[in-house]
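Single-letter residue listing:
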Amino acid sequence: MSEVLVVIDHAEGEVKKPTFELLTIARRLGEPSAVFFGSPEQGDAVAEKVKKYGAAKVYVVDDAQIKGYLVAPKAEALEQLVKQLAEKAGGNGPAAILLPSTFENKEVAGRLAIKLGSGLITDAVDVQEGGVTTQSVFAGNYTVQAKVTTGTPIITVKPNSAAPEEAEGAGAVEAFAATVSDAAKTAQIVATQPRQSTGRPELTEAAIVVSGGRGTGGNFEPVEGFADSLGAAVGASRAAVDSGWMPHAFQVGQTGKTVSPQLYVANGISGAIQHRAGMQTSKTIVAVNKDPEAPIFELVDFGVVGDLHSVLPAATEKVKERKG
């Protein structure tokens with residue numbers, strides 16, 4: 001069975017849910033192996049987590065030369081790993097390379113595709129046997145299927161594109177030493193701003209997103225309260241961000257972040273096409289709006305015509321009652 005590489009998404013060795021989703025998808029294409037960029041001391045602990053989702057091997061790439069620079073060193077390291085695996089297999093490289101669809105990984109994937117002479121597909125929302133991908137395009141108005149026909153398929157996949165399914169793998173750890181060229185070290189990270197933790201899931205990775213718009217009037221307490229009762233991430237429309245009610249990091253839409261959760265709850269959001277572009281691939285969409293003619297109701301699975309300041313607190317109480 002051909003090997004499928006999955007680049008692990010993690011924060012300081014803590015493996016994130018999109019990795020388990022990709023390992024589940026990888027099993028449709030071949031035998032999954034994980035690639036971990038981090039400290040070698042963390043390799044065994046990471047392997048214990050990913051082998052539960054079918055990872056046969058875990059290639060540990062020491063990131064000492066990589067973490068201080070932008071994208072280029074990581075692309076070089078992946079290129080070297082792929083070529084080494086191809087040599088060992090008599091010229092046949094991995095069946096595919098899967099990466100979580102983050103801004104950084106899409107840059108890495110683009111560079112890697114050029115280095116390997118391979119085709120690239122970004123922001124897939126599904127990958128089936130044979131490498132056939134599904135994408136949402138043109139601001140989410142169309143769904144298309146595509147397949148890489150040249151070289152090793154390189155695919156970035158959006159979070160929440162598959163339900164993680166456990167399958168025991170060997171999880172054998174193999175160290176890989178990459179040689180990073182001076183040319184790849186021209187864009188250096190000189191400072192970082194730590195993100196303050198809210199205790200909520202990351203917006204683009206969350207299974208549930210509760211968003212607020214102009215209808216909140218600037219009062220996001222009902223939105224945040226309902227989100228916290230569900231263990232959800234909080235989002236915002238452009239109108240709410242432009243009004244200064246929420247930071248841009250919370251914006252969902254064409255000029256913000258694209259989310260694809262299992263459940264999206266839009267509160268006081270009219271449903272302009274720019275906002276739809278960032279959330280309409282959500283599995284289930286619920287809207288709360290006082291205006292029964294709001295465009296958002298054309299998109300939803302369930303709609304509530306009412307004032308979010310009354311509806312959300314009542315819904316929050318019901319959720320808390322069910323949780324006991």
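Residues numbered from 1 in each chain as written. Predicted model: local features only at pLDDT ≥ 70, side-chain atom pairs only at ≥ 80, totals over all residues. Heavy atoms only, no water.

A. Local environment of the overall build of the protein. Counting its regular elements, the protein contains eight helices and 16 strands. In terms of overall size, the protein behaves like a compact globule, its C-alpha atoms giving a radius of gyration of 21 Å where 324 residues would be expected to give roughly 20 Å. Counting only residues that meet the buried cut, the protein has 48% of its 324 residues in that class. Residue pairs in contact within the protein that sit at least 24 positions apart in sequence constitute 65% of those at least 6 positions apart. (Helix = DSSP H or I, 4+ residues; strand = E, 2+ residues; numbered from the N terminus. Rg over C-alpha atoms; globule rule 2.2 N^0.38 Å. Buried < 20%, exposed > 50% of the residue type's maximum accessible area, 1.4 Å probe, protein only. Contact = heavy atoms within 4.5 Å.)

B. Representation of the layout of surface pockets within the structure. Put simply, the second largest pocket is a space of about 370 Å³. Forming the walls of the second largest pocket are 25 residues, and the residues nearest its centre are Arg214, Ser237, Ala239, Ile269 and Ser270. If you list the elements that add at least two residues to the lining of the second largest pocket, you get helix H6 (238-242) and helix H7 (273-276). Its residues placed into classes, the lining of the second largest pocket shows six nonpolar, 14 polar and five charged. (1 Å grid on protein atoms, 1.4 Å probe; cavity = no way out; pocket = protein on both sides within 12 Å on 5 of 7 lines; lining within 4 Å. Points joined across faces, edges and corners; volume = space filled by probe spheres on them. Nonpolar A, V, L, I, M, F, W, Y, C, P; charged D, E, K, R; others polar.)

C. Structural context of the packing of aromatic side chains. Applying the stated criterion across every chain yields a total of one aromatic pair. Ring geometry for phenylalanine 20 versus tyrosine 53: centroids 4.3 Å apart, planes at 20 degrees, classification stacked. Within this pair, whereas phenylalanine 20 is found in helix H1 (residues 17-26), its partner tyrosine 53 is found in the loop between helix H2 (43-50) and strand E5 (57-62), the two being separated by 33 residues in sequence. The exposure class assigned to tyrosine 53 is buried, which follows from its relative accessible area of 14%. The aromatic ring of phenylalanine 37 is capped on one face by lysine 74, whose charged end is 5.1 Å from the ring centroid. (Phe/Tyr/Trp six-rings, centres within 6.5 Å; stacked < 30°, edge-to-face > 60°. Lys NZ or Arg CZ within 6 Å of the ring centre and 35° of its normal.)

D. Structural context of helix H5 (residues 221-230). Buried within H5 are the following residues: Pro222, Val223, Phe226, Ala227 and Ser229. Considered in projection along H5, the buried side chains sweep an arc of 160 degrees and stay on one side of the axis. On its buried side, H5 packs onto strand E12 (208-212), strand E13 (233-236), strand E14 (263-267) and helix H8 (308-323). Among the residues trailing H5, glycine 231 stands out with phi positive, at a value near 70 degrees. (Arc of directions from axis to C-beta.)

E. Focus on the packing of H5 against H8. Close contact between H5 and H8 brings their axes to 9 Å; oriented N to C, the two are set at 20 degrees. Classed by the angle they form, the pair H5 and H8 counts as roughly parallel. The hand of the H5/H8 crossing is left-handed. Taken together, the residues of H8 that come into contact with H5 (itself represented by Pro222, Val223, Gly225, Phe226, Ser229 and Leu230) are Leu308, His309, Leu312, Pro313, Ala315, Thr316, Val319 and Lys323. Here the contact of H5 with H8 is composed, by residue class, of nine nonpolar, four polar and one charged. (Axes fitted to C-alpha atoms, helices over the stretch in contact; angles between N-to-C directions. Parallel < 35°, antiparallel > 145°, perpendicular 65-115°, else oblique. Left-handed = near helix turned anticlockwise from the far one by under 90°.)

F. Structural context of the pattern of salt bridges. Taken as a whole and assessed by the stated rule, the structure comprises 14 salt bridges. A salt bridge links glutamate 205 to lysine 16; the shortest N-O distance between them is 3.8 Å. You can see glutamate 205 sitting in the loop between strand E11 (172-176) and E12 and its partner lysine 16 sitting in the loop between strand E3 (14-15) and H1, a full 189 residues away along the chain. Lysine 106 is the salt-bridge partner of aspartate 123, the closest N and O atoms lying 3.3 Å from each other. Separated by 17 residues along the polypeptide, aspartate 123 in strand E7 (residues 120-128) and lysine 106 in helix H4 (residues 103-116) bring together distant segments of the chain. Classification of lysine 106 as partly exposed rests on a relative accessible area of 24%. (Salt bridge = Lys/Arg side-chain N within 4 Å of Asp/Glu carboxyl O.)

G. Representation of the pairing of strand E10 (residues 154-157). With burial as the criterion, each face of E10 is covered, one bearing Ile154 and Thr156 and the other bearing Ile155 and Val157. Inspection of the sheet shows strand E6 (residues 96-100) paired to E10 by four bridges, in the parallel sense. Its bridge partner lying in E10, isoleucine 97 is registered against isoleucine 154. Pairing geometry for E7 and E10, over three bridges, is parallel. Paired with isoleucine 121 across the bridge in E10 is isoleucine 155. (Pairing = 2+ DSSP bridges.)

H. Here's a closer look at the sheet that holds E12. One open sheet holds the five strands; their spatial order is E13-E12-E14-E15-E16, and the pairing between them is parallel. If you trace the sheet from one side to the other, it starts and ends with E13 and strand E16 (302-305), each paired once. Strand-to-strand, the axes of this sheet are offset by a mean angle of 15 degrees, without reference to chain direction. Judged from the four bridges that link them, strand E15 (residues 284-289) and E16 form a sheet pairing that is parallel.

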